[in-house]
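Coordinate analysis (summary)
Listed here are the chains, written in short residue letters.
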Amino acid sequence: MEVLYGLHPVEEALKAGRRRFDQVLVAREREDLRLERLVAACRDAGVRVRQEGREQLTSLAKTPAHQGVVALVRARESLTIEDLFEPEPGSSATARLVLALDGVEDPQNLGALLRVADGAGVDGVVLTERRSAPLSPVAVKASAGAAEHLRIARVVNLVRALEELKRQNLWIIGLDERGAADYDQFDLTGDCVIVLGREGAGLHDLVRRTCDHLLRIPMAGGVSSLNVAAAGAVVLYEAFRQRRNAARQPAGALPGAQGASKPRKQKGLGS
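So, here's what we can say about the structure. (Residues numbered from 1 in each chain as written. Predicted model: local features only at pLDDT ≥ 70, side-chain atom pairs only at ≥ 80, totals over all residues. Heavy atoms only, no water.)

Of regular secondary structure, the protein chain possesses eight helices and 11 strands. Per-residue burial over the protein chain gives 49% buried out of 271 residues. Of all intrachain contacts in the protein chain linking residues separated by at least 6 positions in sequence, the fraction that spans at least 24 positions is 81%. Put simply, the protein chain shows about 13,600 Å² of open surface, and 48% of that area lies on carbon and sulfur atoms. (Helix = DSSP H or I, 4+ residues; strand = E, 2+ residues; numbered from the N terminus. Buried < 20%, exposed > 50% of the residue type's maximum accessible area, 1.4 Å probe, protein only. Contact = heavy atoms within 4.5 Å. Areas by Shrake-Rupley, 256 points an atom, 1.4 Å probe, with all protein chains shown as cover.)

A few words on the side chain of Ser 143. As for its position among the elements, Ser 143 is in the loop between helix H5 (137–142) and strand S7 (152–155). For Ser 143, a relative accessible area of 1% corresponds to the buried category. At a separation of 2.7 Å, a polar atom in the side chain of Ser 143 contacts the main-chain carbonyl oxygen of Val 140. Not counting the four nearest positions on each side in its chain, Ser 143 is found in contact with Gly 111, Leu 114 and Arg 115. (Polar contact = N/O pair within 3.5 Å; in protein donor to acceptor, adjacent residues only side chain to side chain.)

Okay, the sheet that holds strand S4 (residues 69–73) next. Reading across the sheet, the four strands line up as S1-S4-S2-S3 and stay open at both edges, with mixed pairing between neighbours. Each edge of the open sheet carries a strand with a single partner, namely strand S1 (2–5) and strand S3 (48–52). Neighbour-to-neighbour, the strand axes of this sheet turn through a mean angle of 25 degrees, independent of strand direction. Where strand S2 (residues 21–27) and S4 come together, five bridges link them in antiparallel fashion. By the bridge assignment, Gln 23 is partnered in S4 with Leu 72. Of the strands in this sheet, S1, S2 and S4 are in contact with helix H1 (residues 7–16), which crosses S1 at around 115 degrees. Taken strand by strand, helix H3 (residues 54–61) contacts S1, S2, S3 and S4, and its axis lies near 135 degrees from that of S2. (Pairing = 2+ DSSP bridges. Axes fitted to C-alpha atoms, helices over the stretch in contact; angles between N-to-C directions.)

Most of strand S10 (residues 192–196) sits inside the fold, with five of its five residues counted as buried. Side chains of S10 alternate between two faces, with Cys 192, Ile 194 and Leu 196 and Val 193 and Val 195 buried alike. Relative to S10, strand S5 (residues 97–101) runs parallel, the two sharing five bridges. Its bridge partner being in S10, Leu 97 is matched across the sheet by Cys 192. With four bridges connecting them, strand S8 (residues 171–175) and S10 associate as parallel partners. Bridge pairing in S10 places Gly 174 opposite Val 195.

One recurring pattern in soluble globular proteins is that nonpolar side chains are buried together. Core analysis: the biggest nonpolar cluster contains 53 residues, and Phe 21, Val 24, Leu 99, Val 125 and Ile 194 have the highest contact counts within it. Per-element tally for this core: the top contributor is helix H8 (residues 228–248), with six residues. Apart from the residues within four sequence positions on either side, Val 24 is in contact with Val 10, Cys 42, Val 47, Arg 48, Val 49, Arg 50, Val 69, Val 70 and Ala 71. (Core = buried A, V, L, I, M, F, W, Y, C linked by side-chain atoms within 4.5 Å.)

Taken in spatial order, the seven strands line up as S7-S6-S5-S10-S8-S11-S9 in an open sheet, and their pairing is parallel. Either end of the sheet is taken by a strand with one partner, and the two such strands are S7 and strand S9 (181–182). The sheet contact formed by strand S6 (residues 124–128) and S7 spans four bridges and is parallel. Note that in S7 the partner of Val 126 across the bridge is Ala 153. Across the sheet, helix H4 (residues 107–119) touches S5, S6, S7 and S10, and the angle it forms with S5 is around 175 degrees.

This part takes up unusual backbone geometry. Its identity is not glycine, yet Gln 67 carries a phi of approximately 60 degrees, on the positive side. The topology assignment puts Gln 67 in the loop between H3 and S4. With a relative accessible area of 30%, Gln 67 lands in the partly exposed category. Despite not being glycine, Ala 144 shows a phi value in the positive range, around 55 degrees. Checked against the element boundaries, Ala 144 lands in the loop between H5 and S7.

Inspection of the entire model under this criterion finds one aromatic pair. For the pair Tyr 237 and Phe 240, a centre-to-centre distance of 5.8 Å together with 80 degrees between the ring planes defines the contact as edge-to-face. With Tyr 237 and Phe 240 both in helix H8 and three residues apart, the pair spans about one turn of that helix. A residue is classified by how much of its surface remains accessible, and Tyr 237, at 36% relative accessible area, is partly exposed. (Phe/Tyr/Trp six-rings, centres within 6.5 Å; stacked < 30°, edge-to-face > 60°.)

This is a description of form; function is not addressed.
Written out as C-alpha cells, the structure reads:
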C-alpha cells in the first residue's frame with residue numbers, strides 16, 4: 001500500500017483513475033468547501049472516507065504538509081518502454097513527445113518536471129530505476145497531482161531505452177550547455193524525446209553520445225545553466241508552442257530548423 005497526501009494529488013488521482021483506492025482519511029479538524037467537494041468525489045467513486053485527527057494523518061504522511069487529506073492507494077502499474085512507443089489512446093497529437101530523465105535525484109525537481117510534462121502534452125516519461133528520485137508522495141505532491149495523469153516507464157538502462165525509441169523513429173534530443181544549436185531554433189514538432197540530465201552534472205557521457213542532437217539554452221547572465229526543472233519547463237513549452245502553431249498552420253515550417261520532423265534518414269550524434 002502507498003500513501004498520497006494533499007488535496008491536489010488525491011483529487012487528481014481520483015480523476016485519472018489509474019490507482020485503486022483503499023481509503024481516504026481526512027482531518028476532523030478541517031472543515032471547508034474544498035474538502036467537502038473531495039469527500040463527495042470519493043463517495044461518488046465508491047472510495048471509503050474516514051475522519052482522523054491531524055496527528056494521525058501527519059504520522060501516516062510522515063509530514064505535516066498533508067493539508068488534512070491522506071489516501072491509502074495500491075501501487076501504480078509499472079510500464080515498460082514498449083508502452084510508450086505509441087501515443088496514449090485517445091490523444092489528438094499526431095507526433096509523439098517523450099521526456100526522458102537521466103538521473104534526476106531531487107523529488108521536488110522530479111515533481112516539477114512531471115507537472116510541466118503534463119501541461120506541455122508529453123505522451124510519456126522515462127525514468128531510470130537506479131540513481132534517480134522515486135515516484136514518492138513528495139514527488140507526487142510537488143507535481144500537484146499531475147504525475148497521476150502521465151504514463152511513466154521505469155528502465156534499468158537509459159541508453160538502451162533511448163536506442164529502442166530511436167528504432168521507433170523518434171529523434172533523441174539532449175539538453176546540454178555545450179549543445180550546437182539554441183533550443184528555440186530547432187524543429188520540435190516531430191516525433192522526439194527530450195532528454196534532461198542530473199542536477200549539476202548534466203547528461204552522462206553515454207547518454208550524451210546516444211543523442212541525435214544536443215540543444216542549449218542561451219544564458220545572458222553570469223550563471224551558465226538553469227536548474228533542471230526550469231530548463232525542462234523552457235524546452236517542453238517551446239515544443240508545445242511549436243506543435244500548437246504547426247497544428248494551426250500545418251503547411252508552415254520553422255525557419256532554419258533542423259529536420260526533427262522528417263523520417264530518420266541521416267545519422268545523428270549518437271550513431
